[in-house]
Amino acid sequence: MGTIYITQEESFIGKTDERLQVKAEKKTLLDVPLIKVDGVVVLGRSTISPAALMELLQRQIPLSFLTANGKYLGRLEPQLTKNIFVRSAQWKVMQEPSKATHIVRGFVRGKLKNYRNSFLRAQRENETLNLQDAITRLEQVIAPIDKTESIDSLRGLEGAGSAAYFGSFDKLIRAEGFSFESRRRRPPTDPINAMLSFGYALLAHDLQSAVNIVGFDPYLGYLHTERYGRPSLALDLMEEFRSLVVDAVVLAAVNKRSILPKDFTTEPLSNAVRLTDEGLRTFLRLYEQKKQSKFTHPVLKKQHTYQETFEIQARLLAKYLMGETQLYPPLVLK
């Protein structure tokens, strides 16, 4: 099953024997063995029984809460793993500028190379598509990364690369009724931005689970600055997965007509756009399918799912922080 997404408002999450059950309006919506559950994400308002809550904690299954619009609210999970050595190394690196900078270079390089490669791949698949200007701009931003010594400067390169990418993102959209002008977050005011924001919230949940499994302090990051309540390290690791997972799901959803303009509604006051209940279920299915799809990991040379690779990248980072490897290799796929 992987991650369970509960989208029905006013649902009741309970436990019977070794099974997790979700009910609403006296109907059973879901009844699955707990052994198959990796995580639970609740969208909107639901109630969970104490027995189910205890069982999730004992099985180390994280429970995350998002608004119906996909805004992250918080999560409940077991205590941090006992691997104090990983967290100790994580904190010590903050006092070693060269190592911290190396990590940030990896995050930024991975993100921007995946942006560039997604454009190159799209151009190969469609000869009429002209993305060369954006590709050139991305390559110009990528070129100085390895020589940049300041983390603030690396953040600037990351911002410039993201601007180049989203400046041409609209060219990847082939479906009628959809367009993209720029990245808008708070609130998203068009369907593409609504799906991107929602997908990134789901991805952050998955990466936070991965860093917790490995034993990190999720709130101490290197690319993302410290902010109260923000899982900065999860957001750091998330960067190299943005285009590989979420952006790919969004583009496939619209270009293959899995999601249509009718699958969105607009809030009258804020103009915020959100998926309808049916659209939400479709998007969650596509996202989960993408997470379970396999590819050859460029470092390990073995087939892994994206779900597995979230934890793999966290473990590769831990190895670098603890001095077991000389480099942190970001995930870059061609």
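Relevant structure appears above.
Residues numbered from 1 in each chain as written. Predicted model: local features only at pLDDT ≥ 70, side-chain atom pairs only at ≥ 80, totals over all residues. Heavy atoms only, no water.

Chemist: Tell me about the sheet that holds strand β1 (residues 2–6), and please be specific about residues and values.
Modeler: With respect to topology, four strands assemble into an open sheet ordered β1-β5-β7-β8, the strand pairing being mixed. The sheet is open, and its two borders are formed by β1 and β8 (72–76), each paired with just one other strand. Across this sheet, the average inter-strand angle for adjacent strands is 20°, counted without regard to direction. Contacts between helix α6 (residues 191–214) and the sheet are confined to β1, β5 (37–43), β7 (63–66) and β8, with β8 contributing the most and set at about 25° to the helix. Of the strands in this sheet, β1 and β5 touch helix α9 (residues 277–292), which is tilted by about 170° from β1. (Pairing = 2+ DSSP bridges. Helix = DSSP H or I, 4+ residues; strand = E, 2+ residues; numbered from the N terminus. Axes fitted to C-alpha atoms, helices over the stretch in contact; angles between N-to-C directions. Contact = heavy atoms within 4.5 Å.)

Chemist: Describe the pairing of strand β4 (residues 27–33), with residues and values.
Modeler: Bridge count for strand β3 (residues 19–24) against β4 is six bridges, and the pairing is antiparallel. For Leu20, the partnering residue across the bridge sits in β4 and is Val32. A loop of two residues connects β3 with β4, the two strands running antiparallel in sequence, and Glu25 in this loop sits at a positive phi of about 50°.

Chemist: Got a sec to walk through the nonpolar core? Specific residues and values, please.
Modeler: Ranked by internal contacts, the top residues of the largest apolar core, which has 89 residues, are Ile192, Phe216 and Phe283. Looking at this core element by element, the count peaks at 14 residues for α6. Setting aside its immediate chain neighbours within four residues, Ile192 contacts Phe169, Ile173, Phe178, Ser179, Phe180, Val250 and Val254. Counting 14 residues, the second-largest nonpolar core is a separate cluster that includes Ile6, Leu34, Val37 and Leu56. (Core = buried A, V, L, I, M, F, W, Y, C linked by side-chain atoms within 4.5 Å. Buried < 20%, exposed > 50% of the residue type's maximum accessible area, 1.4 Å probe, protein only.)

Chemist: Lay out the environment of Gln132 with the relevant residues and their values.
Modeler: As for its position among the elements, Gln132 is in helix α4 (residues 132–142). Distance from Gln132 to Ser168, taken between C-alpha atoms, is 10.0 Å for residues 36 residues apart in sequence.

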